[in-house]
Amino acid sequence: MNPWLKKIKNWQNSHIKFEWNCGKDAEYTLEDKLIQFRASGIRVKLPTFAPALNLVGTQIPILPWIKGTPRKGSKDASKGRYLSVKEAASLQGMDNIHFGTDEFKLSNTRIYEALGNAVNVQIVRLIAEKFLNHE
């Protein structure tokens, strides 16, 4: 770790922040946590929490325990993969949403941005029901 510490010691604080959002009782390993690279640094959460869907497509959460697709020129699947668009939509309660047609489809970056800017459908439904049922 010493060579790495020497390399980053003069970086601005916003580039080296490490947010451990797993509590003090969680095992200190990244293998079974959600990892998200953010502008401020790295955020780590337990997989029982939904990560923030950020407006920037480069901050898509990583699921390190799931095998990804093999890298170019390799037969072995890489370890870890990004949260899929389908999974991100599901977190927002939008399991059946379509992001385009055969003629036009949004890019994954734009889809993640839209989902990050959205409000969870179930939360909106609960709030609406409270307003509609209020006497």
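Let us look at the structure shown here. (Residues numbered from 1 in each chain as written. Predicted model: local features only at pLDDT ≥ 70, side-chain atom pairs only at ≥ 80, totals over all residues. Heavy atoms only, no water.)

With respect to the overall build of the protein chain
Broken down by element type, the protein chain carries four helices and five strands. Each helix and strand of the protein chain, placed in order from N terminus to C terminus, yields the pattern α-β-β-β-β-β-α-α-α. The burial tally for the protein chain puts 27% of its 135 residues in the buried class. Contacts spanning at least 24 positions in sequence make up 42% of the contacts within the protein chain whose residues lie at least 6 apart. On the protein chain, roughly 10,400 Å² of surface is accessible, and the fraction owed to carbon and sulfur atoms is 56%. (Helix = DSSP H or I, 4+ residues; strand = E, 2+ residues; numbered from the N terminus. Buried < 20%, exposed > 50% of the residue type's maximum accessible area, 1.4 Å probe, protein only. Contact = heavy atoms within 4.5 Å. Areas by Shrake-Rupley, 256 points an atom, 1.4 Å probe, with all protein chains shown as cover.)

With respect to the nonpolar core
If you look at soluble globular proteins, the nonpolar side chains tend to sit buried side by side. Ranked by size, the top nonpolar core spans 13 residues in total, and within it L83, A88, F99 and L115 carry the most contacts. Where this core is concerned, the elements lending two or more residues are α2 (85-91) and α3 (108-117). With near-sequence residues (within four places) excluded, L115 lies in contact with L53, V85, A88, A89, Q92, M94 and F99. (Core = buried A, V, L, I, M, F, W, Y, C linked by side-chain atoms within 4.5 Å.)

Let's talk about a nonpolar patch on the surface
A cluster of nonpolar residues, V119, I123, V124, L126, I127 and F131, forms a patch on the protein surface that exposes about 600 Å² of accessible area. Topologically, V124 is positioned in helix α4 (residues 121-133). (Patch = residues over 30% accessible without salt bridge, like charges linked within 9 Å, V, L, I, M, F, W, Y side chains within 5 Å. Salt bridge = Lys/Arg side-chain N within 4 Å of Asp/Glu carboxyl O.)

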